[in-house]
Amino acid sequence: MIWYKKIGFNSNPFSMKPAAFQPDVVAYDLEYIYDKLESAEILFIEGEYGTGKTTILKSIISKFKEDNKIVYYSFNAGRNFNLLGLLNGANSFLRRFTGLKHRNIILLLDEVHTMTKSQAKEILKYYQNGVLQSVVFVTHDYNCVTLPEDLQLYLEGNVIKTVPLSQNEAIELVENRIGEIDLFSKKILKRIFELSDKNPRRFLANCEDIARYAVEMEDYKVSDFHIDSVLEEVIEKKKKQREVLKKVVEPKLVEKIVEEISETKVSDDDQKPKKVSDKKEAEEKDEPKIEIKEVEEPKIDDKPKREKRFKVNKLVEGTKDPLGKIEAADENEVQAEEEPTSTDEIPEYKVFVFEN
Amino acid sequence: MDWYETFDFDENPFSIDARENFDKLVDMEEHVEEMNYRINAGSMLVVEGPEGSGKTTLLMMAADKFGGRRKVVYVDCEILDKNLNITHVLQERFGIIGRLFNKKPKNMILLMDNVNYLSKKNTERIKYYFDQNYIKSIIFTANSYSRAKFSDSLRDRIGQRIVKLPKYNKDLAVEVIMSRTDNNEMFNDQIITKIFKSSKNLKELLHNCEKVAMSAAKKERRRVQMADLKVLSDKK
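Residues numbered from 1 in each chain as written. Chains lettered and ligands numbered in written order. Predicted model: local features only at pLDDT ≥ 70, side-chain atom pairs only at ≥ 80, totals over all residues. Heavy atoms only, no water.

Draft legend 1. Representation of the overall build of chain B. A tally of helices and strands in chain B yields ten helices and five strands. Counting over 236 residues, chain B shows a buried share of 59%. Pairs at least 24 apart in sequence give 73% of the contacts found in chain B among residues at least 6 apart. Approximately 11,200 Å² of chain B is accessible, and the part contributed by carbon and sulfur atoms is 46%. (Helix = DSSP H or I, 4+ residues; strand = E, 2+ residues; numbered from the N terminus. Buried < 20%, exposed > 50% of the residue type's maximum accessible area, 1.4 Å probe, protein only. Contact = heavy atoms within 4.5 Å. Areas by Shrake-Rupley, 256 points an atom, 1.4 Å probe, with all protein chains shown as cover.)

Structure representation (structure tokens):
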């Protein structure tokens, strides 16, 4: 019997698919984003892998799907980007027949690092003429996208950076997933989180493997023994890293550096602020964690600062590559990689679809 | 009379058809269990190993176990070129109607063989379909995972879930041949070692064993002798 069925789950509670579980949206200030979308603004969400970008998009879809038409498109979906086709698809048959068109469409664009400048211009045109109420661009790094200058102006103050989960948020994530089941203590989860380099996906993967190992041994409470057995290689690697550091770096600095890289052992009192930044964080515990830089627009100033998850950066002119070369290269590349749209052009390949 | 009947076999013991060899894998129980678990749990897994190490056979076992209701798709990337569109592959299960209406699959199990030949574009598409739950789980096989054109975000999703199959070596060769021949003394260690030395991988080893065994069968011998190895050099 599969381990998770033994503890009462029908499916893997540690699935890594974005928002496979609705309560996963932990510590996100979604209201801030919802407000922006309701105010018909354009947003850009950037963040490292596994920081929850796709999860945010899924939350937006469930929030607005009743009142607005949501169009989601991922640039890695393998189709040619056809904005008009996407927008027409958002209109019902009756609307298409009568010529009436939706004018409050929210366009969600994922993996926009492959979007070309001309595609971005086209999107902006539809936004300016009111067809699109709002647009959300998403990718891992704002600076790797080539955007027209007028679109950059719209994005001033609206570039949101998702940050990795904090330790407490990670614990909350697992607690949401497994509910009342007392499989992990907080101390154990902290240790797994540290051993996962604070990467949420790795954290979930490690939780799954450790829980599986424990439950298969008929242990229904994860202990250090289970962690040591499953993550033996990781622990060994981290030990070696520390030894190397001790040899290379002056002893006084070792402690400081070790603090910054992942620690393997987590003590109970690690909640106490140790570094200056931690102290600040603790002092501002109830303060907003949205970091707003160069806030000039009264709209943003007036916003009550919320939550911990986002750093909202106002773009500084000149920080973006003034395009040209990059864009031309990208466009050529995309064109070179275009796939056939007609099924006739699809080459023969070896595919079996299995049937009983 | 087929040559293998001389040795009291009902079928060719050295077959390299992955679909016929489920019971002939050596020391693979743990890997099979891991693969089956990852498929059930909705994850991605990479099976890495040299040619002839049993990667395709593992995938065929998965297809056999999870096949039905058109949920399992096997793709051999070596036979594809970069014009392959994985979208169309997934829509295969709905046939022409699926393509016409752009029908979206759900909870598919994707078995991707030889992903070293897969383009980056297709790996990105696969990630998208996985995230959207069109694909429930994926098993990739590769000669070398590090050389596969996987994006960082896809690698991040795979994490450490990599099964490494053993490299081709003499002990493995002896074990495989003994297992295939049910330890019936058709081959001895010395002869297997000789054949091992003239074979680059497990597939070639099996093929060469077949040739040598056929030579013995022609002479109506139930045991392979050194003289039978001549067929290997004759060919060269």
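Draft legend 2. Up close: the overall build of chain A. If you tally the helices and strands in chain A, you get 16 helices and eight strands. Excluding contacts between residues fewer than 6 apart, the proportion of contacts in chain A whose partners are at least 24 apart in sequence is 72%. For chain A, the accessible area works out to roughly 19,000 Å², and carbon and sulfur atoms hold 48% of it.

Draft legend 3. Seen up close, a negative patch on the surface. Residues and elements named next belong to chain B. Taken together, Asp27, Glu29, Glu30, Glu33, Asp171 and Glu175 make up a surface patch of like negative charges. No other element matches helix α1 (residues 29-41), which puts three residues into the negative patch. Locating Asp27 in the fold gives a position in the segment before α1. For Asp27, a relative accessible area of 52% corresponds to the exposed category. (Patch = residues over 30% accessible without salt bridge, like charges linked within 9 Å, V, L, I, M, F, W, Y side chains within 5 Å. Salt bridge = Lys/Arg side-chain N within 4 Å of Asp/Glu carboxyl O. Lys, Arg positive; Asp, Glu negative; His and termini not counted. Charge placed at Lys NZ, Arg CZ, Asp CG, Glu CD.)

Draft legend 4. Just the packing of aromatic side chains, in detail. All names here are of chain B. This model, assessed by the stated rule, comprises 20 aromatic pairs over all chains. Among the aromatic side chains, those forming a connected cluster through ring pairs are Trp3, Tyr4, Phe7, Phe14 and Phe187. The ring centre of Phe66 lies 5.8 Å from the NZ or CZ of Lys65, which sits over that ring. (Phe/Tyr/Trp six-rings, centres within 6.5 Å; stacked < 30°, edge-to-face > 60°. Lys NZ or Arg CZ within 6 Å of the ring centre and 35° of its normal.)

Draft legend 5. Up close: the environment of Lys136 of chain B. Within the secondary structure, Lys136 of chain B is located in strand β4 (residues 135-142). Sequence separation between Lys136 of chain B and Leu110 of chain B is 26 residues; the distance between their C-alpha atoms is 8.0 Å. Among all residues touching Lys136 of chain B, those that are not within four sequence positions of it are Lys17 of chain A together with Ile39, Asn40, Gly42, Ser43, Asn107, Met108 and Phe130 of chain B. A distance of 3.3 Å separates a polar side-chain atom of Lys136 of chain B from the backbone oxygen of Asn40 of chain B. (Polar contact = N/O pair within 3.5 Å; in protein donor to acceptor, adjacent residues only side chain to side chain.)

Draft legend 6. Up close: helix α5 (residues 120-131) of chain B. All names here are of chain B. Along its twelve residues, α5 runs 17 Å from first to last C-alpha, staying within 8% of the 16 Å computed at 1.5 Å per residue. Judged by how many residues are buried, α5 sits mostly within the fold: ten of twelve residues are covered. For α5, the complete set of buried residues consists of Asn122, Thr123, Glu124, Arg125, Ile126, Lys127, Tyr128, Tyr129, Phe130 and Asp131. (Expected span 1.5 Å × (residues − 1).)

Draft legend 7. Structural detail: the confidence of the model for chain A. All names here are of chain A. Chain-level pLDDT for chain A is 71 on average; 61% of the residues reach the 70-or-more range. Predicted confidence in chain A is weakest over helix α16 (residues 325-337), with a mean pLDDT of 33, and strongest over helix α11 (residues 224-230), with 94. When the criterion is pLDDT under 50, residues 264-356 qualifies, and its contacts beyond four places in sequence or with other chains add up to 177 contacts. (pLDDT = per-residue confidence, 0-100.)

Draft legend 8. Seen up close, the nonpolar core. Counting residues in each nonpolar core, the largest one holds 44 residues, and the members touching the most others are Ile60 of chain A together with Met112 and Phe140 of chain B. The element best represented in this core is helix α2 (residues 30-38) of chain A, accounting for five residues. Once residues within four sequence positions are removed from consideration, Met112 of chain B is found in contact with Leu59, Val75, Cys77, Ile86, Leu118, Ile126, Ile138, Ile139, Phe140 and Thr141 of chain B. Residues Phe9, Leu165, Leu173 and Ile188 of chain A belong to the second largest nonpolar core, which totals 34 residues. (Core = buried A, V, L, I, M, F, W, Y, C linked by side-chain atoms within 4.5 Å.)

Draft legend 9. Examining the pattern of salt bridges more closely. Under the definition given, this model contains 25 salt bridges over all chains. Of the charged contacts, one joins Asp8 of chain B and Arg222 of chain B as a salt bridge, the two residues approaching to 2.9 Å between their closest N and O atoms. Separated by 214 residues along the polypeptide, Asp8 of chain B in the segment before α1 and Arg222 of chain B in the loop between α9 (202-218) and α10 (230-235) bring together distant segments of the chain. Of the residues examined, Asp8 of chain B reaches a relative accessible area of 56% and is grouped as exposed. Several salt bridges converge on common partners, so that one network encompasses Glu208, Asp209, Arg212 and Glu216 of chain A together with Glu34, Arg38 and Arg161 of chain B.

Draft legend 10. Region of the structure containing the layout of surface pockets. Roughly 1,400 Å³ of internal volume is contained in the second largest pocket. Lining the second largest pocket are 42 residues, with Asp209 and Val230 of chain A together with Gln160, Arg161 and Ile162 of chain B sitting closest to its centre. Contributions of two or more residues to the lining of the second largest pocket are made by α10 (200-216), α11 and α12 (232-248) of chain A together with α1, β1 (44-48), α6 (152-158) and β5 (162-164) of chain B. If you tally residues by element for the lining of the second largest pocket, the top one is α10 of chain A, at eight residues. For the lining of the second largest pocket, a count of residues per class yields 13 nonpolar, seven polar and 22 charged. (1 Å grid on protein atoms, 1.4 Å probe; cavity = no way out; pocket = protein on both sides within 12 Å on 5 of 7 lines; lining within 4 Å. Points joined across faces, edges and corners; volume = space filled by probe spheres on them. Nonpolar A, V, L, I, M, F, W, Y, C, P; charged D, E, K, R; others polar.)

Draft legend 11. Structural context of helix α9 (residues 186-195) of chain A. All names here are of chain A. Among the ten residues in α9, eight count as buried, and that is most of the element. Here α9 has its buried residues at Ile188, Leu189, Lys190, Arg191, Ile192, Phe193, Glu194 and Leu195. Residues of α9 that are buried in the fold lie against α8 (167-178), α10, α11 and α12. A positive phi of about 55° marks Asp197, the residue just after α9.

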